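# Residue-level structure breakdown
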Amino acid sequence: MKQKETLLNIRVNGDRIELSDMMIDEIGDNHISTSIDTPLRENAFEKTDDEKMVEIEKHFRSIMEIMGLDLNDDSLKGTPRRVAKMYIKEIFSGINPANKPEIALFENKYRYQEMLVEKNISFYSNCEHHFVPIIGKAHVAYISSGKVIGLSKLNRLVEYYAKRPQVQERMTMQIGKDLQNVLETEDVAIVIDAKHLCVASRGVEDDTSSTITAFYGGKFKEDKTRNEFLRFVEMKTEF
């Protein structure tokens, strides 16, 4: 083991392994995910949101003080509280399953048999490796098996999974599998195109690249259906 290569234990797919500092940095820089599910402790929701905000405020205040910032300054004194509220109530609200949108199914009474595509769904997430923003658009499609959901619920579901520390591959899988479960069909497709500020603002500092991930289920695994979906995504729409 190299000098200062501290070992930490984590679980990967249920197996406990040891990670050194160097391996931890490599996971972060290469944006590697360790599971499909968002990693949560068993007691993740024992504390209320208010209790969590109190603790986060205290710890973030310590971080700012360690950095040398003067929290007596009018501009900074409220920052720990603002960050705590933002974390729990806004940008990481998707961690709590209580915030998952309720999605009602309706009969497909108009017998629409073709794919439905909701594209250019804007979202803001945060990279779980560095806690900096991921900004992108999701394109979602499904073919009804007899049930449909409201269009806005597709946006809400994307938003729910985006509002947590994320890895883009995991987010794509979570949205796709949840929609299959909700819609009671395998015929679901997701494409996500996003810019990662952990790539743009640090590390390689590449401000021009984006990351594309996809999920194809059921009929969307067939070339004809998948290509039709991708043509819809590529269409320029102006209103």
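Everything quoted here is computed from the prediction, not taken from an experiment.

As a further point, take the nonpolar core. Ranked by internal contacts, the top residues of the largest apolar core, which has 28 residues, are Phe123, Val158, Met171, Ile175, Leu179, Ile190 and Ile192. Every element with two or more residues in this core is listed here: strand E4 (115-127), strand E5 (133-143), helix H4 (151-162), helix H5 (168-183), strand E8 (188-196) and helix H6 (197-200). The greatest single-element share of this core, amounting to 6 residues, is contributed by H4. Listed in part, the 8 residues of the second largest apolar core include Ala141, Ala189, Phe220 and Val233.

Within a sheet, each strand pairs with its neighbour through backbone hydrogen bonds, oriented either parallel or antiparallel. The strand order across the open sheet formed by 5 strands is E7-E4-E5-E8-E9, and the pairing between neighbours is mixed. Looking along the sheet, the strands with just one partner apiece sit at the ends: strand E7 (165-166) and strand E9 (211-216). Bridging between E5 and E8 involves 9 bridges; their strand directions are antiparallel. Looking across to E8, one finds that glycine 136 is bridged to alanine 194. Along the sheet, H4 makes contact with E4, E5 and E7, crossing E4 at roughly 25°.

Counting across every chain of the model gives 10 salt bridges. Across the salt bridge formed by arginine 61 and glutamate 57, the nearest N and O atoms sit 3.5 Å from each other. Pair noted here: arginine 61 and glutamate 57 are both in helix H2 (residues 49-66), with a separation of 4 residues, about one helical turn. When its relative accessible area of 27% is taken as the criterion, arginine 61 is described as partly exposed. Of the residues examined, glutamate 57 reaches a relative accessible area of 24% and is grouped as partly exposed. Between glutamate 107 and lysine 147 there is a salt bridge, with its nearest N and O atoms 2.6 Å apart. Here glutamate 107 is found in strand E3 (residues 106-107), whereas its partner lysine 147 is found in strand E6 (residues 147-148), with 40 residues between them in sequence. The class of lysine 147 is partly exposed, set by a relative accessible area of 25%.

All right, on to the packing of aromatic side chains then. What the rule picks out here adds up to 5 aromatic pairs. Between tyrosine 87 and phenylalanine 92 the ring centres are 5.0 Å apart and the planes differ by 65°, which places this aromatic pair in the edge-to-face class. Taking the centre distance of 5.1 Å and the plane angle of 50° together, the rings of phenylalanine 92 and phenylalanine 131 count as tilted. Taken together, the positions of phenylalanine 92 in the loop between helix H3 (79-91) and E3 and phenylalanine 131 in the loop between E4 and E5 put the pair 39 residues apart, joining distant regions of the chain. A relative accessible area of 8% means that phenylalanine 92 is categorised as buried. Among the aromatic residues, those joined into a cluster by ring pairs are Tyr87, Phe92 and Phe131. For the cation-ring pair, arginine 164 lies above tyrosine 160, with the distance from its terminal atom to the ring centre recorded as 5.0 Å. Of note, arginine 226 hangs over the ring of tyrosine 216, and the distance from its end group to the ring centre comes to 5.5 Å.

Conventions used here
- Residues numbered from 1 in each chain as written.
- Predicted model: local features only at pLDDT ≥ 70, side-chain atom pairs only at ≥ 80, totals over all residues.
- Heavy atoms only, no water.
- Core = buried A, V, L, I, M, F, W, Y, C linked by side-chain atoms within 4.5 Å.
- Buried < 20%, exposed > 50% of the residue type's maximum accessible area, 1.4 Å probe, protein only.
- Helix = DSSP H or I, 4+ residues; strand = E, 2+ residues; numbered from the N terminus.
- Pairing = 2+ DSSP bridges.
- Contact = heavy atoms within 4.5 Å.
- Axes fitted to C-alpha atoms, helices over the stretch in contact; angles between N-to-C directions.
- Salt bridge = Lys/Arg side-chain N within 4 Å of Asp/Glu carboxyl O.
- Phe/Tyr/Trp six-rings, centres within 6.5 Å; stacked < 30°, edge-to-face > 60°.
- Lys NZ or Arg CZ within 6 Å of the ring centre and 35° of its normal.

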